[in-house]
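Letter by letter, the chains look like this.
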Amino acid sequence: MNIKLKLIMLELLSLLAFSVILIAGSLFLSVEEMNVRIEETLRTAVHGYHGDAFYLKDQGENIDITVFEGDTRIESSIEGAVGTKASEKVIEEVLHGQRTYFDTDININGEEYYGYYMPIESGMLFAGKPKAAVAAFIRNCLLIQIGIGAAAYVVCAVIAAVISSSISKRIHHSAGCLEILADGDLSRQFPEARADSRDETDIIAHAVSALQVQLKEIVTSISSESSQLNDSNNEFTEKFSVLARSVTNINEAVEEIARGSDSQAQETSSASQKIAEMADVIEQNTSNVSNLEHAAEHMSDLSKQTNNTLTDLIAMNETTTANIATVSRQTDATNTSAENIKNAVQVIQTIAEQTNLLSLNASIEAARAGEAGRGFAVVAEEIRKLAEDSSSSADEIEATVQDLLTNSSISVEKMSEVSQDAAEQREKLQNTRRGFEALMEGIQSVYAASKNIYEQTLRLEDQKNTIHNVVQQLAAISEENAATTQKTSVSMQELSSTIESCREETVVLAELSEALNQQTNRFKL
């Protein structure tokens with residue numbers, strides 16, 4: 001809901017509440033005034049009684065008169081009221097208390113009355129006005145007041161709508177200007193408002209316009225100064241970075257020199273000791289070279305013996321290879337004989353089959369000859385048995401020959417493998433022999449080199465003393481340089497730490513400048 005509707009609703013609700021309160025108050029005052037007027041009228045009616053209870057009815061007034069004898073109605077203009085009694089409260093107030101009494105709610109024969117009682121010598125006088133007539137009058141008055149209030153409410157609502165529309169329009173305009181400012185657009189020109197106006201909306205519009213001008217001036221100034229700050233900070237950062245790199249390089253060089261000086265001092269001191277140890281080593285080398293010479297002669301003798309042994313092994317390997325070749329040839333001959341036996345067995349098997357077939361034919365012919373061929377049948381049977389035995393024996397011989405061929409093939413394969421192993425063994429023995437020959441040549445070279453080393457060792461003894469003196473002088477100089485570079489390194493480290501702190505501060509300034517630029521860039525100038 002926008003502010004215009006809110007203002008209208010607020011004003012309408014206020015007017016409605018005011019109208020209701022006004023009508024209710026007016027109605028209450030009207031009822032009170034009506035009660036007072038009715039009481040005065042009824043009092044006047046009672047005092048004007050002159051013995052005729054219908055005198056007011058005859059004059060056209062809607063007022064009834066009743067005469068009481070004690071507490072009983074003896075004469076009345078109200079139909080059916082004669083003979084009835086008054087209420088206990090009326091009796092107590094008027095008859096016993098001898099006071100006048102007015103009541104707005106008196107029930108007589110089922111009808112409501114405004115009533116006024118006055119005590120007299122014989123009883124009471126009563127003047128009453130029906131409430132229905134008074135209620136109709138009050139209702140008419142209420143309707144008139146509601147009509148007047150509704151008309152006034154409509155008029156006030158129209159006026160409130162006009163005023164609310166004007167106020168909301170100016171507030172909406174100010175809100176739009178504030179939204180433009182919130183979006184960072186300071187380039188818009190806002191209409192100027194009256195500075196001397198007492199209207200709150202004019203005051204708000206004037207404040208928004210002044211705020212736009214001041215923000216534009218502030219942001220422009222901040223943006224300009226931020227750019228200058230950023231440029232200065234970038235130049236300052238670049239210079240500090242160059243200076244920091246230079247100091248770092250110098251510091252590293254000084255530290256490297258310091259480490260080199262320390263190392264040089266330590267190494268020169270150590271070199272002096274090493275030179276002293278070198279003399280001992282040279283002496284030991286001289287002794288070792290002599291021992292090496294004897295060892296080389298002994299190794300030469302052992303190499304000759306090993307070479308003779310290898311020559312014998314090669315001759316034995318040649319003999320073994322020749323024997324293996326002979327066995328291989330014998331095995332091949334055995335295979336050939338076995339193949340011939342196999343062929344002969346196949347011939348025997350063929351003959352046995354044919355003999356068995358001939359015996360079968362002879363048996364058939366003997367059976368045809370009857371008694372004359374019985375003897376021939378017996379011979380044929382024997383021949384058949386002989387053929388079967390021959391065939392069975394031939395099968396066994398064939399199986400045996402087959403096993404012999406299989407075993408012979410395995411032997412041939414093994415012989416071939418043994419022959420290959422013997423060849424490899426021979427080659428390895430030849431390689432070993434060549435290695436030992438090279439070893440003998442190396443031993444001779446070692447022997448010659450050991451003599452050369454011995455001669456050079458004697459020369460090193462002379463150079464050792466000269467180098468020892470020079471190294472002592474270098475050690476003293478290196479210690480002085482190390483002390484100086486250590487002091488310089490400490491100073492450079494302090495300078496480097498200071499420059500690093502300044503560089504870190506420039507980084508912070510750069511971040512602040514960048515953040516400030518980002519904030520000012522939100523505004524459109």
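Structure shown above.
Asker: How would you explain the overall build of the protein if you had to name every residue and give the values?
Answerer: A tally of helices and strands in the protein yields six helices and five strands. Overall, the protein shows an N-to-C arrangement of helices and strands of α-α-β-β-α-β-β-β-α-α-α. Every one of the 525 residues in the protein was classed for burial, and the buried ones make up 26%. Expressed as a percentage of contacts within the protein between residues at least 6 apart in sequence, the contacts between residues at least 24 apart total 69%. By element, 57% of the accessible surface of the protein is carried by carbon and sulfur atoms, the whole surface being about 33,500 Å².

Asker: Can you explain the nonpolar core? Please cite residues and give values.
Answerer: Soluble globular proteins tend to pack their nonpolar side chains together in the buried interior. Counting 19 residues, the largest nonpolar core has Ile-38, Leu-42, Ala-45, Ile-65, Tyr-114 and Ala-127 as the members making the most contacts within it. Put simply, the parts of the chain that give this core at least two residues each are helix 1 (3-47), helix 2 (55-58), strand 1 (64-69), strand 4 (111-119), strand 5 (123-130) and helix 4 (131-182). The element contributing the most residues to this core is helix 1, with five residues. Once you skip the residues sitting within four places of it in the chain, Leu-42 turns out to touch Ile-63, Phe-102, Tyr-114, Gly-115, Tyr-116, Ala-127, Gly-128 and Lys-129. Membership of the second largest hydrophobic core comes to 15 residues, among which are Phe-68, Val-90, Ile-106 and Tyr-113.

Asker: Tell me about the side chain of Arg-73, and please be specific about residues and values.
Answerer: By the secondary structure assignment, Arg-73 is in strand 2 (residues 72-76). As a buried residue without a salt bridge, Arg-73 has its nearest oppositely charged side chain in Asp-71, at a separation of 9.2 Å. Reaching out from Arg-73, the side chain makes a polar contact with the side chain of Thr-84 at a distance of 2.7 Å. Beyond its immediate sequence surroundings of up to four residues, Arg-73 is in contact with Thr-66, Val-67, Phe-68, Ala-81, Val-82, Gly-83, Thr-84, Lys-85, Ala-86, Ile-108 and Tyr-117.

Asker: I'd like a rundown of the sheet that holds strand 4, residues and numbers included.
Answerer: The five strands lie next to each other as 2-1-5-4-3, forming an open sheet whose pairing is antiparallel. Single-partner strands in this sheet number two, and they are strand 2 and strand 3 (101-108). Strand-to-strand twist across the sheet, computed as the mean angle between neighbouring axes with direction ignored, equals 35 degrees. In this sheet, strand 5 lies alongside strand 4 in antiparallel orientation, the contact comprising seven bridges. Across the sheet, Gly-115 pairs through a bridge with Gly-128, a residue of strand 5.

Asker: I'd like to hear about the pairing of strand 4, residue by residue, with values.
Answerer: Counted residue by residue, strand 4 has seven buried out of nine residues, so it is predominantly covered. Here strand 3 pairs with strand 4 via six bridges, running antiparallel. Its bridge partner being in strand 4, Ile-106 is matched across the sheet by Tyr-113. If you look at the hairpin formed by strand 3 and strand 4, you'll find two residues sitting between the two strands, and Asn-109 has a positive phi there, around 55 degrees. What sits between strand 4 and strand 5 in their antiparallel hairpin is a turn of three residues.

Asker: Lay out the packing of aromatic side chains with the relevant residues and their values.
Answerer: The full count for this structure, using the stated rule, is three aromatic pairs. Ring plane angle 35 degrees and centroid distance 6.2 Å describe the contact between Tyr-101 and Tyr-117, whose orientation is recorded as tilted. With Tyr-101 in strand 3 and Tyr-117 in strand 4, the pair connects residues that are 16 residues apart, well separated along the chain. Ring plane angle 45 degrees and centroid distance 4.9 Å describe the contact between Tyr-117 and Phe-126, whose orientation is recorded as tilted. Each member of the pair Tyr-117 and Phe-126 is classed as buried. Within the aromatic cluster, the residues linked to one another by ring pairs are Phe-68, Tyr-101, Tyr-117 and Phe-126. Sitting over the face of the ring of Tyr-114, Lys-131 holds its NZ or CZ atom 5.6 Å from the ring centroid.

Asker: Lay out the side chain of Thr-66 in plain terms, naming residues and giving numbers.
Answerer: As for its position among the elements, Thr-66 is in strand 1. Reaching out from Thr-66, the side chain makes a polar contact with the side chain of Ser-76 at a distance of 2.8 Å.

Asker: Account for the pattern of salt bridges, with residues named and values stated.
Answerer: Counted under the stated rule, the structure contains five salt bridges. Here Arg-43 and Glu-39 are joined by a salt bridge, their closest N and O atoms 3.5 Å apart. Of this pair, Arg-43 and Glu-39 both sit in helix 1, four residues apart, which is roughly one turn of that helix. Two residues, Glu-93 and Arg-99, come together in a salt bridge whose shortest N-O distance is 3.0 Å.

Asker: Residues and numbers for helix 3 (residues 88-96), please.
Answerer: Val-90, Ile-91, Val-94 and Leu-95 are the residues of helix 3 that are buried. Buried residues of helix 3, viewed axially, fall in a sector of 100 degrees; they line one side. Every exposed residue of helix 3 that faces more than 90 degrees away from the buried side is listed here: Glu-88, Lys-89 and His-96.

Asker: Go over the pairing of strand 2 with me, naming the residues and quoting the values.
Answerer: Relative to strand 2, strand 1 runs antiparallel, the two sharing four bridges. The partner of Glu-69 across the bridge, within strand 2, is Thr-72. Taking the residues that link successive antiparallel strands as the turn, the strand 1-strand 2 hairpin has two residues, and the phi of Gly-70 there is positive, at about 75 degrees.

Asker: How would you explain the environment of Gln-493 if you had to name every residue and give the values?
Answerer: Following the sequence through the fold, Gln-493 ends up in helix 6 (residues 374-521). The exposure class assigned to Gln-493 is partly exposed, which follows from its relative accessible area of 39%. Expressed as a C-alpha distance, the spacing of Gln-493 and Glu-252, which sit 241 residues apart in the sequence, is 9.5 Å.

Asker: I'd like a rundown of the environment of Thr-306, residues and numbers included.
Answerer: Position of Thr-306 among the secondary structure elements: in helix 5 (residues 200-369). Distance in space between the C-alpha atoms of Thr-306 and Arg-433 is 8.5 Å, their sequence separation being 127 residues.

Asker: Can you explain unusual backbone geometry? Please cite residues and give values.
Answerer: The residue Gln-98 is not glycine, and still its phi comes out positive at about 55 degrees. Looking at the element boundaries, Gln-98 is found in the loop between helix 3 and strand 3. With a phi close to 55 degrees, Asn-109 is a non-glycine residue in the positive phi region. On the secondary structure map, Asn-109 appears in the loop between strand 3 and strand 4. The exposure class of Asn-109 is partly exposed, given its relative accessible area of 48%.

The rules behind these values
Residues numbered from 1 in each chain as written. Predicted model: local features only at pLDDT ≥ 70, side-chain atom pairs only at ≥ 80, totals over all residues. Heavy atoms only, no water. Helix = DSSP H or I, 4+ residues; strand = E, 2+ residues; numbered from the N terminus. Buried < 20%, exposed > 50% of the residue type's maximum accessible area, 1.4 Å probe, protein only. Contact = heavy atoms within 4.5 Å. Areas by Shrake-Rupley, 256 points an atom, 1.4 Å probe, with all protein chains shown as cover. Core = buried A, V, L, I, M, F, W, Y, C linked by side-chain atoms within 4.5 Å. Lys, Arg positive; Asp, Glu negative; His and termini not counted. Salt bridge = Lys/Arg side-chain N within 4 Å of Asp/Glu carboxyl O. Polar contact = N/O pair within 3.5 Å; in protein donor to acceptor, adjacent residues only side chain to side chain. Pairing = 2+ DSSP bridges. Axes fitted to C-alpha atoms, helices over the stretch in contact; angles between N-to-C directions. Phe/Tyr/Trp six-rings, centres within 6.5 Å; stacked < 30°, edge-to-face > 60°. Lys NZ or Arg CZ within 6 Å of the ring centre and 35° of its normal. Arc of directions from axis to C-beta.

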